[in-house]
Amino acid sequence: MIPSHALPGGLRLDAHKERSTKQPIRAASPSERHVIPLDQHAGAPARPLVKAGERVRMYQPIAQPAPGISAWLHAPVSGEVIAIEPRPAPHRLGAPTLSLVIANDGRDEPFENAAAVVSFEQISPTEACEHIARGGIVGLGGAAFPTANKLESSLCEDGPRLLLNGAECEPYISCDEMLMRERAEDIVFGARALLHALCAPSCTIAIEAGVPEAHEALRRALDKAADSRIRIKIVPAIYPAGGERQLIASVFGVEVPYDGLPADIGIVCQNVGTAAAVARWIRDRQPLISRIVTVTGDGVSAPANLETRIGTPFASLIGDCGGYTERMSRLIMGGSMMGASLPHDDMPVVKATNCIVAASALDLQPRGPEMPCIRCGACSYVCPAFLLPQQLHWYLHPYDGTQLDRHGLLDCIECGCCDYVCPSQIPLAERFREGKPLLVRELDAKRSADTARAHFYARNERLARLEAEHRAKLAAMRRPKQQ
Ligand code: SF4
Ligand code: SF4
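These numbers were taken from a predicted model, which means no experiment stands behind them.

Draft legend 1. Structural detail: the overall build of the protein. In terms of regular secondary structure, the protein is built from 13 helices and 17 strands. Each principal axis of the C-alpha atoms in the protein carries an extent, and together these give about 105 × 65 × 50 Å. Relative to its 483 residues, the protein shows a buried fraction of 47%. Sequence-distant contacts, at least 24 apart, represent 72% of the contacts inside the protein between residues at least 6 apart.

Draft legend 2. How the structure looks around the nonpolar core. In terms of nonpolar packing, the biggest core is built from 127 residues, with Leu163, Leu164, Ile187, Ala191, Val278 and Ile356 touching the most fellow members. Setting aside residues up to four positions removed in sequence, Ile187 forms contacts with Leu164, Met180, Leu218, Val272, Ala275 and Ala276.

Draft legend 3. Local environment of the site of ligand 2. Near ligand 2 there are 16 residues, and of these Cys383, Cys412, Cys415, Cys418 and Ala429 occur at the shortest range. Secondary-structure elements contributing two or more residues to the shell around ligand 2 are helix H12 (417-421) and helix H13 (428-478). No other element matches H13, which puts 3 residues into the shell around ligand 2.

Draft legend 4. Quick look at the domain arrangement of the protein. When its domains are assigned, the protein resolves into domain 1 (26-291), domain 2 (292-359) and domain 3 (371-483). Measuring from the centre of the C-alpha atoms in domain 2 to the corresponding centre in domain 3 gives 39 Å.

Draft legend 5. Helix H6 (residues 244-252), seen in detail. Counting buried positions along H6 yields 8 of 9 residues, so the element is predominantly enclosed. Turning to H6, its buried residues are Glu244, Gln246, Leu247, Ile248, Ala249, Ser250, Val251 and Phe252. Where H6 is buried, its residues contact strand E9 (161-166), strand E10 (203-208), strand E11 (230-235) and strand E12 (267-271). Two residues or fewer after H6 comes Gly253, characterised by a positive phi angle close to 70°.

Draft legend 6. How the structure looks around the site of ligand 1. Taken together, 15 residues sit near ligand 1, with Cys373, Cys376, Cys379, Gln390 and Cys422 positioned nearest. Elements represented by at least two residues in the shell around ligand 1 include exactly helix H9 (378-382) and helix H10 (389-396). No other element matches H10, which puts 3 residues into the shell around ligand 1. Residue classes in the shell around ligand 1 are distributed as 10 nonpolar, 4 polar and 1 charged.

Draft legend 7. Geometry of the environment of Arg478. Considering the arrangement of structural elements, one finds Arg478 in helix H13. Taking the C-alpha atoms as reference, Arg478 lies 79 Å from Thr353; in sequence the two are 125 residues apart.

Draft legend 8. The arrangement of the sheet that holds E11 in detail. Pairing is parallel in the open sheet, where 4 strands are placed in the order E11-E10-E9-E12. Of all strands in the sheet, those bounded by a partner on one side alone are E11 and E12. Looking at each pair of strands side by side, their axes are set apart by 25° on average, direction ignored. Pairing of E9 with E12 involves 5 bridges; the strand directions are parallel.

Draft legend 9. Quick look at the sheet that holds strand E4 (residues 55-56). Strand order in the open sheet formed by 4 strands is E2-E8-E7-E4, with antiparallel pairing between adjacent strands. Both edges of this open sheet fall to strand E2 (33-37) and E4, since each of them pairs with a single strand only. Bridging between E4 and strand E7 (residues 79-89) involves 2 bridges; their strand directions are antiparallel. Opposite Arg55, over in E7, you have Glu80 as the bridge partner.

Draft legend 10. Up close: the packing of helix H1 (residues 125-134) against helix H2 (residues 147-154). Interhelical geometry of H1 versus H2 gives an angle of 160° and a closest axis separation of 8 Å. Between H1 and H2, the crossing angle belongs to the class labelled roughly antiparallel. Judged by the sense of rotation from one axis to the other, the crossing of H1 with H2 is left-handed. Residues Cys129, Glu130, Ile132 and Ala133 of H1 pack against Thr147, Ala148, Leu151 and Glu152 of H2. Residues that form the contact of H1 with H2 fall into these classes: 5 nonpolar, 1 polar and 2 charged.

Draft legend 11. Molecular detail of H13. The terminal C-alpha atoms of H13 lie 73 Å apart, and with 51 residues this matches the ideal 75 Å at 1.5 Å per residue to within 8%. At Gly435, H13 shows its maximal bend, which comes to roughly 30°, and the proline Pro437 appears one to four places after that position. With 4 of its 51 residues buried, H13 lies for the most part at the surface. When we look at burial in H13, the residues that qualify are Leu428, Ala429, Phe432 and Gly435.

Draft legend 12. Structural view of the pairing of strand E5 (residues 61-64). Both strand E3 (residues 47-48) and E5 contribute to a ladder of 2 bridges, which runs antiparallel. The residue bridging Pro48 from the neighbouring strand is Ala63, located in E5. Note: E5 against strand E6 (residues 73-74), 2 bridges, orientation antiparallel. Each residue of the ladder has a partner; that of Pro61, found in E6, is His74.

Draft legend 13. Looking closely at unusual backbone geometry. Tyr239 connects to Pro240 through a cis peptide bond whose omega is 0°. Looking at the secondary structure, you find Pro240 in the loop between E11 and H6. Each neighbour pair has its own omega, and for His397 with Pro398 the value is -5°, a cis peptide bond. Inspection of the secondary structure puts Pro398 in the loop between H10 and helix H11 (401-406). Unusually for a residue other than glycine, Ala226 sits at a positive phi of about 50°. Among the secondary structure elements, Ala226 is positioned in the loop between helix H5 (212-225) and E11. Even without a glycine there, the phi angle at Phe386 is positive, about 60°.

Draft legend 14. Expanded view of the packing of helix H3 (residues 175-182) against H5. Viewed as axis vectors pointing N to C, H3 and H5 meet at an angle of 40°, and their least axial separation amounts to 7 Å. Classified by the angle their axes make, H3 and H5 are oblique. Two packed elements cross with a definite hand, and for H3 against H5 that hand is left-handed. Here H3 contributes Glu177, Met180 and Arg181 to the contact with H5, which in turn contributes Glu213, Ala214, Ala217 and Leu218.

Each value, and the rule that gives it
- Residues numbered from 1 in each chain as written.
- Chains lettered and ligands numbered in written order.
- Predicted model: local features only at pLDDT ≥ 70, side-chain atom pairs only at ≥ 80, totals over all residues.
- Helix = DSSP H or I, 4+ residues; strand = E, 2+ residues; numbered from the N terminus.
- Buried ≥ 20, exposed ≤ 12 C-beta atoms within 10 Å, placed from the backbone.
- Contact = placed C-beta atoms within 7 Å.
- Core = buried A, V, L, I, M, F, W, Y, C linked by C-beta atoms within 7 Å.
- Near = placed C-beta within 6 Å.
- Domains from an automatic or database assignment.
- Nonpolar A, V, L, I, M, F, W, Y, C, P; charged D, E, K, R; others polar.
- Pairing = 2+ DSSP bridges.
- Axes fitted to C-alpha atoms, helices over the stretch in contact; angles between N-to-C directions.
- Parallel < 35°, antiparallel > 145°, perpendicular 65-115°, else oblique.
- Left-handed = near helix turned anticlockwise from the far one by under 90°.
- Expected span 1.5 Å × (residues − 1).
- Bend = angle between axes of the 7 residues up to and from the residue.

Structure (structure tokens):
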């Protein structure tokens, strides 16, 4: 086994995965209605291909990508489109977002998608990326970045190194661990397809220490595939080892540049769930219409991992897990460290929904009243992004955009390690999350002002040059001609 590089900062957190990993993955109950937000991926919202009142079949494309970064959407069930209207969604808590609402007829009549039939190994990498796009595949680790867009932007002459992220560092999320345990062959198949699409020479599957069943299942799948390009690497179970930049540092010992992307250093990172989704699309012709969701926390009776169709209401999954306990106090999408609190459970599962935590007071870190910073420095020791959280906090009140930019506010991954250790109970990550849009706006405005200033100076120079040329011409005309 290859040793991993040290991860800067981070925390060793108590794992709470055993609650949801006692039983195998099972299918969530069918739902009467599926709400499919058009903007559930990074980039521009998809454009509907169907109208209200139209009948759709399972797997049918129901929205196509907008130009640029965007993704296809497919019907998760057969039935009727009963509305296209704004609906609440867990990834856009500010306002309802335009969604397709499908009434499930319970028949699961499949759509025969001619575009799903390709001989994958015989098509070019560009065609392979296009084909992956048609499956509606997006990053299933939580960011929901369209996979084809990421692959296309990472194509390089020597072929980038592929990194599959199976390091699920949030203490409550176990969907990737269960996927690796039960569907390791899908992950390896998907890895080989991604290697082909990228012309990549190698793939590393990174998993955390302490998940022996997942490790063993992956090892068996790799033995069966006999593909020497793919290897497994165990990384320490330190939160947030699964953050993209942190994982790259831990696996390859290199740092992604401050203002760059992994592709800039020849690395492409995909989640293991994304690789499995690629396998289901290429091998089984099933576009991305479902994903595994961990439903857990002390506020739900029987935590589990459920194979869930996109658009299923959270309330239905809670019902599948025995309902809420009396201790339930807060519903969170994502993990307990980086997840977002939800106002209610009438929200649909989207492609980014990896976990729902029904948290009781036992699951939540007790938080006392906020006190002034005592400059103890504990926050900077645990920051995995090499930031000085106490300084960032200092420059947020009063707001000083220049210093916040200098101190790297935009590099903060909002992991929450700093507020976890802060003796003054300052909600640092929340403050940084609120401060980032202000800084982004300020930097955008500054960039626009710099561009306008550069145009202004260029225009003045051009006018001065024309004026000088004009004067020179006039002077030449006035000069008496030599006899
Ligand atoms: S941990 Fe809290 S109290 Fe200590 S320096 Fe950081 S912000 Fe200040
Ligand atoms: S929330 Fe931001 S500042 Fe705090 S530890 Fe994480 S990366 Fe560092």
